[in-house]
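One-letter residues, chain by chain:
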Amino acid sequence: MRRTKSDPSISRRFKLSHFLFGIGGLYLVFIACKFPKFLRTVSTLSGVESDGRLDGEDDGGSEDSDLSKSFVSSVYRDALHRRLVDNRDQGAPLRPSMEPMKEAEHGPEPLKKIPLRYGRITGEIMHDQQRINELPVFERMAEEAWMLGLKAWNEADEIVQKEQGESSIFDEKPESCPSWVSMSGDELLKGDNLMFLPCGLAAGSSITVVGTPHHAHKEYVPQLSKSKKGEGLVSVSQFMVELQGLKTVDGEDPPKILHLNPRIRGDWSKQPVIEHNTCYRMHWGSSQRCDGLPSGDEDGMLVDGYKKCERWMRNEIVDSKESKTTSWFKRFIGRKQKPAVTWPFPFIEGRMFVLTLRAGVDGFHINVGGRHVTSFPYRTGFTLEDATGLAVKGNVDVHSIHATSLPTSHPSFSPQRVLEMSESWKASPLPKHPIKLLIGVLSASNHFAERMAVRKTWMQSPAIKYSDVVVRFFVALNPRKEINAVLKKEAAYFGDIVILPFMDRYELVVLKTVAICEFGIKNVSAAYVMKCDDDTFIRVDKVLKEIEKVPQRKSLYMGNLNLLHRPLRNGKWAVTYEEWPEEVYPPYANGPAYVISSDIVTFILSQHKYRKLRLFKMEDVSMGMWVERYNTSTGAVHYAHNWKFCQYGCMDGYFTAHYQSPRQMICLWDKLSKGQGRPRCCNFR
């Protein structure tokens, strides 16, 4: 049949249908890619919560719900179902609590209505995605931590539910570890130059490293160029052998239990040198150097009977013990001399070495080529079981590593070996009346031993047991779901942990500080809030007396204050001018322990609610910024400085002592309780 001109073209209809079908398919793909946010948006628009219940619907009092309520306060319970839409509508994106503050306290918050150009659902998705992309780096990191934390929380819930009726994590047998581990150089490179030691070390364990140092290369040293001693180029050949512990949180380097650094071309002295050190929570200890001169044999200078530093050949011609004239005279009269045995520096460029690191009773011993070279006493805060990794890096080619006589089980990393599930260590319920002081302790999820040591020591102070002082640990989540599951059980039993449902990162410590402030106002009415770390020992009675010296009407900021500190512009701790454009920081108290009054806390929360609070990656500096802003805008602040809020370690007469291991915590408590309250330090060697 002949087709008239008025009939539509079949091919045209075919192309149009395919075009519409393609558009529909692209839209479905778009929705599928944004499916998680799509579900959150739909639940928000329809009034359905992310767990499947309607707003305000009761959960029926399930066992899991009761478990959560026993250790997650009402302030943080809503944060478990945190949504991006809520962030835009209810408050700052970094608030650890999604419970809105009362309008009567700070006035209503104006909301900006943003027109949607893609339809209701699609527009919400596009707006959320655009909002995240436009966030600063710090806030974007926090958003990701919240999302990862929600996932980790749900995974930990699954483990807890699965354990009901089955064997508990606390009932599991300690993990079994191999007694020896061997690795080739190629395997070490594939593992980021790190060898895993599953159960750490024990007395008698030894590690043998076979390698070849590189030939020296030129490096530029700005300090030398400024001193006009050449062009600033020096010949360098050095490497590091480090025993490392477990990394606590992302963004923080793991502790260095032993840092062994042979410098074949030396450093400023241009003499070969070997340096030892430790690094705990990114703070280096006092270094010990061996430069070819033997250490003394007097008491306290030996480690398991070995010298800390042996002698090797140096460029000095004159012996400090015998002059050249005396030596010539002895030869002239025919007196026999004992041959002076000297050894060269044990590491030579381009020549293979065999280094053996052995764990003794009092310290580590280093042998090279079968000869003892140096020893390093065990440092405060570490045990052999903490050394779960060996890192070899720098100017060296590693051929093989062999670790022998290793422990087959770990005595302390298993929570059932650390946590003492006793009624005597449980926290009392929160009081309903106003209190004098809230002490918020920052802790990491796997710091079971540290929290247990705090519970057994200064948390037993009469000031906490019988006065208006409350102590709570503030802990974020861990990438390992098993640790989170044990953390939830620990919190449920002791009742002293506030779990913040975001993934722990070193850069986000400031969020924990904000959470402490919020807890101090919303969960307890505290006149003062104190922040400290879980490796800080506190004499609570002395802190209370120091607070009482300040009139109650004055705003208080108390601690070990830093004045005119300059930000570092280079290196790992560099602060850009965008982050802090000024040349000095405002006065701030060192992070291990400080106290602020409730009026400052209220100001911080109000500023944070309206996104006016500056969040800095260094928590203690952030608090100094906030207090300075309060001081210049609201009211005068009394800055109370005292060196007895010890920043590094411990000093006799301390108010707080930092970097205290669980063993030192017990020792400090014993000295206080048995020594008539004398605050003496426990500096173990």
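Since this is a predicted model, take the numbers as computed values, not measurements.

Analysis parameters
- Residues numbered from 1 in each chain as written.
- Predicted model: local features only at pLDDT ≥ 70, side-chain atom pairs only at ≥ 80, totals over all residues.
- Heavy atoms only, no water.
- Helix = DSSP H or I, 4+ residues; strand = E, 2+ residues; numbered from the N terminus.
- Buried < 20%, exposed > 50% of the residue type's maximum accessible area, 1.4 Å probe, protein only.
- Areas by Shrake-Rupley, 256 points an atom, 1.4 Å probe, with all protein chains shown as cover.
- Contact = heavy atoms within 4.5 Å.
- Salt bridge = Lys/Arg side-chain N within 4 Å of Asp/Glu carboxyl O.
- Pairing = 2+ DSSP bridges.
- Axes fitted to C-alpha atoms, helices over the stretch in contact; angles between N-to-C directions.
- pLDDT = per-residue confidence, 0-100.
- Patch = residues over 30% accessible without salt bridge, like charges linked within 9 Å, V, L, I, M, F, W, Y side chains within 5 Å.
- Core = buried A, V, L, I, M, F, W, Y, C linked by side-chain atoms within 4.5 Å.
- Disulfide = S-S within 2.5 Å.

### What to know about the overall build of the chain
The secondary structure content of the chain amounts to 20 helices and 26 strands. Within the chain, the proportion of its 685 residues that are buried is 48%. As presented, the chain carries roughly 35,400 Å² of accessible surface, and 54% of it is formed by carbon and sulfur atoms.

### Describing the environment of F537
Structurally, F537 is set in strand β22 (residues 537-538). When sequence neighbours within four positions are dropped, the list of residues in contact with F537 reads T457, W458, Y654, F655, T656, A657, Q660, M665, L668, W669 and L672.

### Quick word on the pattern of salt bridges
Taken as a whole and assessed by the stated rule, the structure comprises 15 salt bridges. We note a salt bridge from E275 to R289, for which the minimum N-O separation is 3.6 Å. In this pair, E275 is assigned in strand β8 (residues 273-280) and R289 in strand β10 (residues 288-290), connecting sequence segments 14 residues apart. Using a relative accessible area of 38% as the deciding quantity, one classes R289 as partly exposed. Note that K531 and D533 form a salt bridge whose closest N and O atoms lie 3.3 Å from each other. Taking relative accessible area as the criterion, K531 reaches 4% and is therefore assigned buried.

### Some points on the sheet that holds strand β18 (residues 435-443)
In space, the seven strands of this open sheet follow the order β20-β19-β18-β21-β24-β23-β25, with mixed pairing throughout. Looking at strand neighbours, the two that pair on one side only are β20 (497-503) and β25 (637-641), the edges of this open sheet. The average undirected angle you get between the axes of adjacent strands in this sheet is 20 degrees. Looking at chain direction, β18 and strand β21 (residues 526-533) are connected through seven bridges and run parallel. Residue pairing for β21: G440 is matched across the bridge by K531. Helix α17 (residues 540-548) rests against β18, β19 (469-477), β21, β23 (555-562) and β24 (588-597) of the sheet, and its axis sits at about 130 degrees to β18.

### Comments concerning the confidence of the model for the chain
Chain-level pLDDT for the chain is 77 on average; 69% of the residues reach the 70-or-more range. Contacts from residues 38-133, a stretch scored under 50 in pLDDT, to residues over four places away or in other chains number 173 contacts.

### Some remarks on unusual backbone geometry
A positive phi angle is found at N193, which is not glycine, with a value near 60 degrees. Following the sequence through the fold, N193 ends up in the loop between α9 (185-190) and β2 (194-196).

### So, a nonpolar patch on the surface
A cluster of nonpolar side chains, namely F19, L20 and I23, defines an oily patch on the protein surface of about 320 Å² accessible area. Relative to the elements of secondary structure, I23 occurs in helix α1 (residues 10-33).

### Side note on the nonpolar core
I439, W458, Y557 and I596 are the most contacted members of the largest nonpolar core, which totals 98 residues. Counting residues in hydrophobic clusters, the runner-up holds 43 residues, among them M195, L260, F382 and V398.

### Let's talk about the state of the cysteines
Counting across every chain of the model gives four disulfides. Paired through a disulfide, C290 and C309 show a sulfur-sulfur distance of 2.0 Å. Given an S-S torsion of about -65 degrees, the disulfide between C290 and C309 has left-handed geometry. Of this pair, C290 sits in strand β10 while C309 sits in the loop between β12 (306-307) and α11 (324-332), placing them 19 residues apart in sequence. The burial state of C290 is the same as that of C309; both residues are buried. Here C650 connects covalently by a disulfide to C681, the sulfurs 2.1 Å from one another. In this structure, the disulfide formed by C650 and C681 twists by about -85 degrees around the S-S bond and is classed as left-handed. Note that C650 is positioned in the loop between β25 and β26 (656-657) and C681 in the segment after α20 (662-674), a separation of 31 residues in sequence.

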